[in-house]
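Here is how the chains run, residue by residue.
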Amino acid sequence: EMYLSKVDPSFTHPFHLFIAENYFEKKEYEKSLNSLNRSLEIMDLFESALLLRSKIYEILGENELAAKDKEKVQNHIEFEKSKWNDPNHYYKYK
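Residues numbered from 1 in each chain as written. Predicted model: local features only at pLDDT ≥ 70, side-chain atom pairs only at ≥ 80, totals over all residues. Heavy atoms only, no water.

Visitor: Tell me about the packing of helix H1 (residues 13-25) against helix H3 (residues 47-59), residues and numbers included.
Guide: Direction vectors running N to C along H1 and H3 enclose 25°, while the axes themselves pass 11 Å from each other. One element, H1, and the other, H3, form an angle in the roughly parallel class. Crossing handedness for the pair H1 and H3: left-handed. Between H1 and H3, the residues in contact are Leu17, Ala20, Glu21 and Phe24 and Ser48, Ala49, Leu52, Lys55, Ile56 and Ile59, respectively. In the contact of H1 with H3, the residues fall into 7 nonpolar, 1 polar and 2 charged. (Axes fitted to C-alpha atoms, helices over the stretch in contact; angles between N-to-C directions. Helix = DSSP H or I, 4+ residues; strand = E, 2+ residues; numbered from the N terminus. Parallel < 35°, antiparallel > 145°, perpendicular 65-115°, else oblique. Left-handed = near helix turned anticlockwise from the far one by under 90°. Contact = heavy atoms within 4.5 Å. Nonpolar A, V, L, I, M, F, W, Y, C, P; charged D, E, K, R; others polar.)

Below, the structure written as structure tokens:
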């Protein structure tokens, strides 16, 4: 993690997720949550981080928090899909 301090923070969210995944595999859930929270501070709608955090919350019995993270992901997916249905969205410009 010491090398992350030398990189612009806006590029580090995937590295924090990677660290969190390693802690998760070792069942070190609190450390994993800390890394996930750091990742989500940088990119608040980072779907992979939200899904892993919801899985940890479920393991820890924090079902309400797990549901909030899943809802954020679902809302973000629906929002992104809606862009494709909007004829005025820049995705449609050619």
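Visitor: Provide a residue-level description of H3, including the pertinent values.
Guide: Relative to the 18 Å expected for 13 residues at 1.5 Å per residue, H3 spans 19 Å between its end C-alpha atoms, a close match to the ideal helical length. Three or more residues of H3 are buried, namely Ala49, Leu50, Leu52, Arg53, Ser54, Ile56 and Tyr57. In this fold, the buried residues of H3 make contact with H1, helix H2 (29-42) and helix H4 (63-85). Following H3 by one or two positions, Gly61 has its phi on the positive side, about 80°. (Expected span 1.5 Å × (residues − 1). Buried < 20%, exposed > 50% of the residue type's maximum accessible area, 1.4 Å probe, protein only.)

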